[in-house]
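Examination of the molecular architecture
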There are 2 protein chains.
Amino acid sequence: MKFTIQRDLLIDSVQDVMKAISSRTAIPILTGMKIEARQHGITLTGSDSDISIESYIPAEEDGIVNVEDIEEGSIVLQAKYFPDIVRKLPEQHVEITADENLKVTIRSGKAEFSLNGQDAEEYPQLPKLQTDDSFEIPTDILKSLIKQTVFAVSSMETRPILTGVNLSLSESKLTFTATDSHRLASREVPVSSSSVQFSSIVVPGKSLNELNKILDDTEETVEISVTNNQILFRTKHLNFLSRILDGNYPETSRLIPEQSKTVLHVKTRDLISSIDRASLLAREERNNVVKLTTKDGNILEITSNSPEIGHVSEELSVQSIEGEELKISFSSKYMLDALKVMEVDEVKIDFTGAMRPFVIRPVDNPAMLQLILPVRTY
Amino acid sequence: MKFTIQRDLLIDSVQDVMKAISSRTAIPILTGMKIEARQHGITLTGSDSDISIESYIPAEEDGIVNVEDIEEGSIVLQAKYFPDIVRKLPEQHVEITADENLKVTIRSGKAEFSLNGQDAEEYPQLPKLQTDDSFEIPTDILKSLIKQTVFAVSSMETRPILTGVNLSLSESKLTFTATDSHRLASREVPVSSSSVQFSSIVVPGKSLNELNKILDDTEETVEISVTNNQILFRTKHLNFLSRILDGNYPETSRLIPEQSKTVLHVKTRDLISSIDRASLLAREERNNVVKLTTKDGNILEITSNSPEIGHVSEELSVQSIEGEELKISFSSKYMLDALKVMEVDEVKIDFTGAMRPFVIRPVDNPAMLQLILPVRTY
């Protein structure tokens, strides 16, 4: 195998693929990165068996030559050293060769690295997903869907299914839902007409977090295809494959109250600042609990009390308060997590009493929803 | 106690003082921050008994009012919460009051924090240093002295005296020296005529690191005074007091070779990049060792070899090589540490054979010196 490649393209590609490589894996060869050279381009592959990432660098693209002097072949390189080596190479041109003894040489300027490679034949074959049954959404929308839901997955392995985000696609609507049973985050977007339908595909939160890190915030589309146990996200130069969680995702729609007794309209940023301050004293012994009380004249009072440390209270003018008076306690962390991902100026919060879950939505977008269970404090 | 203060001034001051406060201290009240209000201004104090920091905010300065409505008094506040509270206050004006029950109230805009304080009478008195016997140097020079030496102190408690930087002042020359017995860093600067003289004051490396973080990179002067067991660094609004280490600092001048057999002139940045690359494969099993070999035609070869991982070699054109041929091995970490703090374009390196310490100096400044012991590899 032999090729000469532009360093900066290689750096980006290596960085993406590294996100799937773990130094702790049961299959030793998966601590390495597979490099495959074909006349049409170079493919890098990394996998921890939960997630697999392939990054492709075409030899030529838009009339620009990225890779030259290609002799086809493949090799697996120790991923521990390769990214730092590539990043610190002195020149833009990088020549990589592998000989029949699996010796890999990386040359750039006057620097020459010689590394012990491993046989690419020993690297596991990634499952080939049939991509006829696929649908597309813009990358920036997919990133929003992930950001607005994935934080609410459970971090506890006691109910493994809740560590994933539930995806469903029907009637040209794609929905992401996550819950750890104390809160729930859900977002729905329209997708262009597609023949694909599925009611519940649960993708590990970790996979979606890594995918979100790799994807650029562009309007280019991502093609998504699903089989029994794998989901593939495909962009122009990237294949991101994740396993799907086994098990039935709980029915969540019945958790969402249909009526409300108190309705708040409030500026998101004001509420974030206020809750953030109140949470300062609530961090440890109080499990982050803050209390919200409605007052006359469109005033909210946000308070927190830790007998050992002290007390904080703040009055906040809001856009409107309708319905019954309310005193409710909740986790400031859950509230801040929810408010921070909404990316809207103003939210509407529907309460149905101090002991019932409440729902936060953007004032102008009912397709996004954050539900939080209150905390019983008195 | 009561006063109203500008939030941003308070944030800076609290941040400085926090550098002396540790949550792990044998004296519980030292986990707190002392606040003292006098008509002329506010003083914040923090201490971990090794380091004490006082930051002063004058009530008025250059015609600008910083603090208003002062009622004199003092209190000690839990340092764990105070910095975050101050940083997140909603308005620029902050009112702080303490009542006779040691209840502290912090008000800004519509936010109100109520905290339990502690009696300032219980806070240890800082030693008052007599400052007649003092000398001054510009802050930026002091910061350079610290940066260029403190990294070479020992991190091992086996010889506690080596965890400090040795300061000496004689014939209007101030010298900082640090060594961990594998390397030595030394820098000398002239100081304006001063009556103060001392041959060896050893200041803990940790103290100097904290001092360096607090001091701004200005040309304003720092006043330094020394007693038997304390050293005080004083700027306009800051008192930084550190204990001095007990014991005799070793005589280091005899370690520095007076002759050399091979002399290199090399661009600092080129050498850094090259050693940095060579060190990539030398990290673990090889204890960071790289090898330098002189070649004909002003060429250096930098290599490193880790049988398990691979080999790296690079040729580097240098300004000049004079004297005997040389093959020498050393710690790439020590070499990079030394080169990175020198802040000069070109360095001169004097070698006296593969088994003897070598000395790195700026080409145009013999007052700065970095000495490194080689590693025996064959």
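Bear in mind the structure is a predicted one, so any value in this text is a computation, not a measurement.

Here we come to the pairing of strand 15 (residues 183–190) of chain A. Residues and elements named next belong to chain A. Counting buried positions over the 8 residues of strand 15 gives 6, a clear majority of the element. Remark: 3 residues form the turn of the hairpin made by strand 14 (residues 173–179) and strand 15, two consecutive strands paired antiparallel; Ser 181 in that turn has positive phi of roughly 80°. Taken together, the 5 bridges between strand 15 and strand 28 (residues 368–372) define a ladder with antiparallel strand orientation. Bridging across to strand 28, Arg 183 finds its partner in Ile 372.

On to helix 3 (residues 139–149) of chain B. Extensive coverage of helix 3 of chain B is indicated by the burial of 8 of its 11 residues. Thr 139, Leu 142, Lys 143, Ser 144, Leu 145, Ile 146, Gln 148 and Thr 149 of chain B are the residues of helix 3 of chain B that are buried.

Another aspect to go through is the relation of the copies chain B and chain A. Mapping chain B onto chain A calls for a screw motion: a turn of 180° about the axis and a shift of 0.0 Å along it, with 0.0 Å RMSD after fitting. What we have between these two chains is a two-fold relation. Using C-alpha coordinates, one finds that chain B approaches the rotation axis most closely at Lys 213 of chain B, a distance of 16 Å. Here 100% of the contact residues of chain B are again contact residues in chain A; the copies associate through an equivalent surface.

Our focus in this paragraph is the domain arrangement of chain A. In many reports, interface size means the accessible area that the parts give up when they come together. Residues and elements named next belong to chain A. Domain parsing of chain A yields domain 1 (2–122), domain 2 (134–253) and domain 3 (256–372). Placing a centre on the C-alpha atoms of domain 2 and another on those of domain 3 gives a separation of 28 Å. Buried area between domain 2 and domain 3, both sides added, is near 1,200 Å², and the carbon and sulfur share of it is 50%. Sorting the residues of domain 2 by area buried against domain 3 places Gln 148, Arg 183 and Leu 184 first, and these three jointly supply 42% of that buried surface. On the surface where domain 2 and domain 3 come into contact, there are 1 salt bridge. In this assembly, domain 2 and domain 3 are joined by 7 residue pairs in polar contact (both at pLDDT 80 or more). The element best represented in the side of domain 2 that touches domain 3 is strand 15, accounting for 6 residues. Looking at the side of domain 2 that touches domain 3, its residues break down into 3 nonpolar, 5 polar and 5 charged.

About the criteria used
Numbers given to residues run from 1 along each chain, matching the order in which its sequence is written. Each chain takes a letter, starting from A, and each ligand takes a number, starting from 1, following the order in which they are written. Only residues with pLDDT of at least 70 are given local features in this predicted model, and only at 80 or more are side-chain atom pairs given and counted; all residues enter the totals for whole chains, interfaces and linings. Side-chain numbers come from the whole structure's heavy atoms, not from hydrogens or water. Three labels apply to residues, based on accessible area from a 1.4 Å probe with only protein chains included: buried if under 20% of the type maximum, exposed if over 50%, partly exposed otherwise in between. Segments assigned H or I by DSSP are reported as helices when at least four residues long, segments assigned E as strands when at least two residues long, and all are numbered from the N terminus. Any two strands between which DSSP finds at least two bridges are classified as paired. Fitting of the copies onto one another was done by least squares over C-alpha atoms, counting residues only where both copies have pLDDT of at least 70. We call two residues contacting when some pair of their heavy atoms lies within 4.5 Å. Residue ranges assigned to the domains are those given by an automatic or database domain assignment. Defined here as a combined quantity, buried area equals the accessible surface (1.4 Å probe) lost by two parts on assembly, summed across both. Salt bridge, as used here, is a side-chain nitrogen of Lys or Arg placed within 4 Å of a carboxyl oxygen of Asp or Glu. As used in this structure description, the phrase polar contact means that two N or O atoms lie within 3.5 Å; if the pair is within protein, one of them must be able to donate a hydrogen and the other to accept it, and residues adjacent in sequence are counted only when both atoms belong to side chains. Gly counts as polar in this scheme, as do all residues outside two lists: the nonpolar Ala, Val, Leu, Ile, Met, Phe, Trp, Tyr, Cys and Pro, and the charged Asp, Glu, Lys and Arg.

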